[in-house]
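Next come the chains, spelled out residue by residue.
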Amino acid sequence: MTKRDAIFPAGRQALYEINRYSAAIRSGDLLFVSGQVGSREDGSPEPVFEKQVQLAFDNLAAVLKAAGCTFDDVVDVTTFHTDPATQFEAVNTVRLKVIGEQPYPNWTAVGVNWLAGFDFEIKVIARIPQST
């Protein structure tokens, strides 16, 4: 069996070690990114929802960058929301700034009742660009 090729953004591997999971796994030309939340450097949740969403996207961007990807390489998005009806506008505002041009990636939004102290989480699958 091939060993997993784990990807970690600079400076945050300790947070993943505490919870015993990888930020992302590279498999061939695909990158499977674990759910990213709006955590501060110490791992605690950002209390202001709009800032929490932006920080989740920033944390996701750092994972993508560590694998040589950008949001343009994302093909599938799943977001998790603790109160989708009231949160959608704030999430969509950030999403539309960073996702890029058409064609847009797939997107599935899921309402949940628990996210370990967070109110928003985003996970993606990206295609890793070929080196030139």
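Residues numbered from 1 in each chain as written. Predicted model: local features only at pLDDT ≥ 70, side-chain atom pairs only at ≥ 80, totals over all residues. Heavy atoms only, no water.

If you trace the six strands from one edge of the open sheet to the other, you get β1-β2-β3-β6-β4-β5, paired in mixed fashion. Whereas interior strands pair on both sides, the edge strands pair on one side only; in this sheet they are β1 (5-7) and β5 (106-111). Going across the sheet, the axis of each strand differs from the next one's by a mean of 15 degrees, ignoring polarity. Contacts from helix α3 (residues 84-98) reach β4 (74-81), β5 and β6 (120-127) within the one sheet, and its direction differs from that of β5 by about 150 degrees. (Pairing = 2+ DSSP bridges. Helix = DSSP H or I, 4+ residues; strand = E, 2+ residues; numbered from the N terminus. Axes fitted to C-alpha atoms, helices over the stretch in contact; angles between N-to-C directions. Contact = heavy atoms within 4.5 Å.)

Counting across every chain of the model gives three salt bridges. Two residues, Arg127 and Asp29, come together in a salt bridge whose shortest N-O distance is 2.7 Å. A residue pair is termed long-range when its members are at least 10 positions apart, and Arg127 in strand β6 and Asp29 in the loop between β2 (24-27) and β3 (30-37) qualify at 98 residues. (Salt bridge = Lys/Arg side-chain N within 4 Å of Asp/Glu carboxyl O.)

Quick look at the packing of aromatic side chains now. Scanning the model with the defined rule gives three aromatic pairs in all. With a centroid separation of 6.2 Å and an interplanar angle of 40 degrees, the aromatic rings of Phe57 and Phe71 are classed as tilted. Here Phe57 is found in helix α2 (residues 49-66), whereas its partner Phe71 is found in the loop between α2 and β4, with 14 residues between them in sequence. Of the two residues, Phe57 and Phe71, both sit in the buried class. Here the aromatic rings of Phe88 and Trp107 are separated by 5.7 Å at their centres, their planes lie at 20 degrees, and the arrangement is stacked. Taken together, the positions of Phe88 in helix α3 and Trp107 in strand β5 put the pair 19 residues apart, joining distant regions of the chain. Judged by its relative accessible area of 26%, Trp107 is partly exposed. (Phe/Tyr/Trp six-rings, centres within 6.5 Å; stacked < 30°, edge-to-face > 60°. Buried < 20%, exposed > 50% of the residue type's maximum accessible area, 1.4 Å probe, protein only.)

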